[in-house]
Structures are given as structure tokens and as C-alpha cells.
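A look at the structure
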Amino acid sequence: MTVLTSALTGVTCLTGAAVPAWADDDPVATTVTLGEARIDPKAAGRVRVEIGYVCANAEEARSLTVSVEQKDPEDTTVTAFGSSRTEEADIVCDGTPQTRVVIVQSKTYNWLPGVDAILTATVSDLGATPPAAADAKRVTLVTAE
């Protein structure tokens, strides 16, 4: 548990929130941390999700997937859902903290501002220990400025 919680350091998400400090004596573990999510002001079907991650081994297969799900509080039959998978070549696995913004396009309905959504992010790095890490949280989506 200590390895997972102390693997990121010095990373600052786009919102300015710091990720916990990197401890030099800890082995590099695969980790992922979700930041904020904001609806694209020009395209209500897209949401920008901030993530931070670390993975150690660049030699093995790796994957970064982010998904967002949001139910319409006024119509329970309506669910906006989308996921995005980053190309393997674009995932830096060298033991250093990385940050990025991933665009998730809803495949069903536009995202609703002011409504809660569930964010999930998974980083898989088959050569690392542990070989995968995930983070999930509930956020209220707002429109980006």
C-alpha cells in the first residue's frame, strides 16, 4: 500500500493540485491519479480529464484508458458514456511522473454541466510491479473556461 500511495511526486495537475511527493528509496510502482474533468466549451460531447501517472518499464506492453459515465438526473434512461485509450507509443513509462489531459468523447449524449459523473482511469504496464493501477472518483462536471 505504501508503494502505491507514494509513487508520484512533484507532479502538478493543470488545476495546480499537487500529487504526493516521490520517495527516492521506494521502488517505482505503476500508479494513476485522476484530477479534474471539464466539458469542452466548444463541443458539449467532449470532456477533458486530467490525469497523473507513473509506470516503470518501457519494454513491455502498456495501456492508458480513461472513461466517463454520467446519468441524467431528470431522465434515468439517459446515460452519457465515453472512453479513450491512449496509443501505446504515447505512454511514457520511464519511472518519472507524467501528466496529461485526455479527451473523452461521449458516444451517447452530450455531457451535462453541474451533474455528477464517474471517472475511471487505468494504467497497465505488464513489465512493472504491480502490472496495473486504477483510480476512480465522482466529480461534478463543469464547462471549461
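Residues numbered from 1 in each chain as written. Predicted model: local features only at pLDDT ≥ 70, side-chain atom pairs only at ≥ 80, totals over all residues. Heavy atoms only, no water.

This next bit is on the overall build of the chain. The helix and strand inventory of the chain stands at one helix and eight strands. Secondary structure elements in the chain, listed N-terminal to C-terminal, are α-β-β-β-β-β-β-β-β. Pairs at least 24 apart in sequence give 63% of the contacts found in the chain among residues at least 6 apart. Summed over its atoms, the accessible surface of the chain is roughly 7,600 Å², and 51% of this surface lies on carbon and sulfur atoms. (Helix = DSSP H or I, 4+ residues; strand = E, 2+ residues; numbered from the N terminus. Contact = heavy atoms within 4.5 Å. Areas by Shrake-Rupley, 256 points an atom, 1.4 Å probe, with all protein chains shown as cover.)

Burial of strand β1 (residues 31-40) is extensive: seven of the ten residues sit out of reach of the surface. Note: β1 against strand β2 (residues 43-54), eight bridges, orientation antiparallel. Looking across to β2, one finds that Asp-40 is bridged to Ala-43. The loop that links β1 with its antiparallel partner β2 comprises two residues. Both β1 and strand β8 (residues 142-143) contribute to a ladder of two bridges, which runs parallel. Bridge assignment links Arg-38 to a residue of β8, and that residue is Val-142. (Buried < 20%, exposed > 50% of the residue type's maximum accessible area, 1.4 Å probe, protein only. Pairing = 2+ DSSP bridges.)

Tallying each qualifying case throughout the model produces four salt bridges. The salt bridge partner of Arg-62 is Glu-88, with a shortest N-O separation of 4.0 Å. Placement of Arg-62 in strand β3 (residues 62-72) and of Glu-88 in the loop between β4 (75-86) and β5 (98-105) is noted, with a sequence separation of 26 residues between them. Among the charged side chains, a salt-bridge network with shared partners connects Asp-40, Arg-46 and Arg-48. (Salt bridge = Lys/Arg side-chain N within 4 Å of Asp/Glu carboxyl O.)

Our focus in this paragraph is the sheet that holds β5. Pairing within the open sheet is mixed, and its four strands lie in the order β5-β2-β1-β8. Single-partner strands in this sheet number two, and they are β5 and β8.

On to the environment of Ser-67, then. For Ser-67, the location among the structural elements is in strand β3. Each C-alpha atom, one on Ser-67 and one on Ile-118, is 8.1 Å from the other, the two residues being 51 residues apart in sequence. Residues within four places of Ser-67 in sequence aside, it is in contact with Phe-81, Gly-82, Ser-83, Ile-118, Leu-119 and Thr-120.

Now for the sheet that holds β4. The four strands are arranged β4-β3-β6-β7 in an open sheet whose pairing can be described as antiparallel. Each having just a single partner strand, β4 and β7 (132-140) make up the two edges of the open sheet. This sheet shows a mean twist of 15° between the axes of neighbouring strands, independent of strand direction. Summarising the sheet, strand β6 (residues 116-125) and β7 pair through nine bridges and their orientation is antiparallel. Across the sheet, the residue bridging to Leu-119 is Lys-137, located in β7. (Axes fitted to C-alpha atoms, helices over the stretch in contact; angles between N-to-C directions.)

Coordinates in, geometry out; function isn't part of it.
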